[in-house]
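Fold and contact review
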Amino acid sequence: MKNDPGYYDYWPYHDRPKITWPNGAKVAFWVAPNIEFYELDPPANPYRKAWPGPYPSIGGYGIRDYGNRVGHMRQMKLLDKYGIRGSISLSTALCEHHPEIIELCAEREWEFFSHGIYNTRYTYGMSEAQEREMITDSIETIYRHTKQKCAGYLAPALSHSEQTIDLFAEAGSALFGDDAGFYTCDLFHDDQPTPIKTRSGKRFASIPYSLEMNDTIAYVVNKVEPRQYGKMLKANFDRLYQEGAESGTIMCIPTHNYQVSCPHRLKAFEEALEYITGHSDVWVTTGREIASHFLNNHYDTVSNDIAAKRGGLR
């Protein structure tokens, strides 16, 4: 086993090259709705149970079905109100199960990136060939249903392997060249984009996707109340906005349509969106656009800075 993931070098959060966003924005702000499909009776995985309780988990299945039936429509309407195009972390099986959702999002020019096929089928225990097949299938499915060349990846249920990033970069290149497979949300290690090492040498970036601001982590894991979640989102933004005056930062709100879109939680989320988008020097954008901007404008400078600082430590 590795001592660390090996994808990036240590790069302390000070004295970095300045990152700039379009129109002088201080913060690149994106919302990543996880639109997922959970199977009632998925194939067993020896490393992790899909449902924590006994089968059949009607309650677990039902609330997630609620998200796709009801919660998605609520969230989509809210994002429309504030001019936000979602960057969908997509269980690509949804393209077959609920194509209506895909059509509604495509009409709004939302981004679709891969979150695997089902959120009840994990990377754990897969061979490299099996994981490559799953990743390739998900990229092909997104293109077939949306004509988008999938740029980003978040492993299903965060079930990341040691090969995931390399396989995604390679699958994207094999299918669509440099137009696909060039960023990951799976690393959670910074508030700015980071160059990532791949075995193919492809230019690739990690784009901040915050577990701390993730509604499932907040509500289910940390037992946060809706009002407090709204305060957390605003406080997170305020700090990133302050620091973004010196060098551009990124704020992501990862959501789930069966969490944040429940009636008693929606108001706090809306108040946070109103607050954040009320600032004129915020770039309201998508994960793909952030990654493309970084790779085209800052990747080389940042990579050289990291290498120089690593060299100074030797």
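Our structure's up above, just so we're on the same page.
Note on numbering: residues in each chain are counted from 1, in written sequence order. The model is predicted, so local features are restricted to residues of pLDDT at least 70 and side-chain atom pairs to those at 80 or more, both for listing and for counting; the totals for chains, interfaces and linings are taken over all residues. Computation of side-chain values: all heavy atoms of the structure, hydrogens and water removed.

1. Quick word on the overall build of the protein
The cut-off we apply is this: Only DSSP runs of H or I reaching four residues or more are called helices, and only runs of E reaching two or more are called strands; each is numbered from the N terminus. Using C-alpha atoms as the atom set, the radius of gyration is obtained and then compared with a globule rule of 2.2 Å times the number of residues to the power 0.38. Working rule for contacts: check all heavy atoms of both residues, and any pair within 4.5 Å makes them a contact. Every accessible area reported is derived by Shrake-Rupley at a probe size of 1.4 Å, with residue values counting cover from the shown protein chains alone.
Across its full length, the protein carries 10 helices and nine strands. Against the compact-globule benchmark of 20 Å for 314 residues, the protein has a radius of gyration of 19 Å, which places it among compact chains. Overall, the C-alpha framework of the protein stretches about 55 × 45 × 35 Å when taken along its three principal axes. Long-range contacts, defined as pairs at least 24 residues apart, comprise 77% of the intrachain contacts of the protein with a sequence gap of at least 6. Summing over all exposed atoms, the protein offers an accessible surface of approximately 14300 Å²; the carbon and sulfur share of this is 50%.

2. Description of the pattern of salt bridges
Spelled out, the test is: Any carboxyl oxygen of Asp or Glu within 4 Å of a side-chain nitrogen of Lys or Arg constitutes a salt bridge here. A 1.4 Å probe rolled over the protein chains alone gives each residue an accessible area, and that area as a share of the maximum for its type sets the label: buried under 20%, exposed over 50%, partly exposed in between.
In this structure the tally under the stated criterion is 15 salt bridges. As a salt-bridge pair, R132 and E128 come within 3.1 Å of each other at their nearest N and O atoms. Pair noted here: R132 and E128 are both in helix α4 (residues 128–146), with a separation of four residues, about one helical turn. Look at R132 and you get partly exposed, because its relative accessible area is 33%. R199 is paired through a salt bridge with E170; the nearest N and O atoms lie 2.6 Å apart. Taken as a pair, R199 in the loop between β6 (194–195) and β7 (205–206) and E170 in helix α5 (residues 164–176) lie far apart in primary sequence, 29 residues in all. For R199, a relative accessible area of 45% translates into the label partly exposed. Judged by relative accessible area, E170 falls into the partly exposed class, the value being 24%. Within the structure, one salt-bridge network assembled from shared partners comprises E128, R132, E170 and R199.

3. Concerning the side chain of T92
Along the chain, the position of T92 falls in the loop between β2 (87–90) and α2 (94–97). The exposure class of T92 is buried, given its relative accessible area of 1%. Sequence-distant contacts of T92, defined by excluding residues within four places in its chain, comprise G116, I117, S138, T141 and I142.

4. As for the side chain of D305
Tracing the backbone through its elements, the reader meets D305 in helix α10 (residues 299–313). Residue class for D305 comes out buried when judged on its relative accessible area of 16%. In this view, D305 contacts W11, D15, R16 and P17; residues no more than four positions away in its chain are not counted.

5. With respect to helix α7 (residues 226–244)
The test is simple: Take the number of residues in a helix, subtract one, and multiply by 1.5 Å to get its expected span. In this description, the arc belongs to the directions extending from the helix axis to the C-beta atoms.
Between its first and last C-alpha atoms α7 spans 27 Å; for 19 residues at 1.5 Å apiece the expected length is 27 Å, and the two agree. Listed in full, the buried residues belonging to α7 are P226, Y229, G230, M232, L233, F237, L240, Y241 and G244. End-on, the buried residues of α7 take up no more than an arc of 160 degrees, which puts them together on one face. In α7, the exposed positions that point more than 90 degrees away from the buried face belong to R227, K231 and Q242. Where α7 is buried, its residues meet β1 (27–35), α6 (215–221), β8 (249–256), α8 (263–277) and β9 (282–284).

Shape descriptors only; they carry no functional weight alone.
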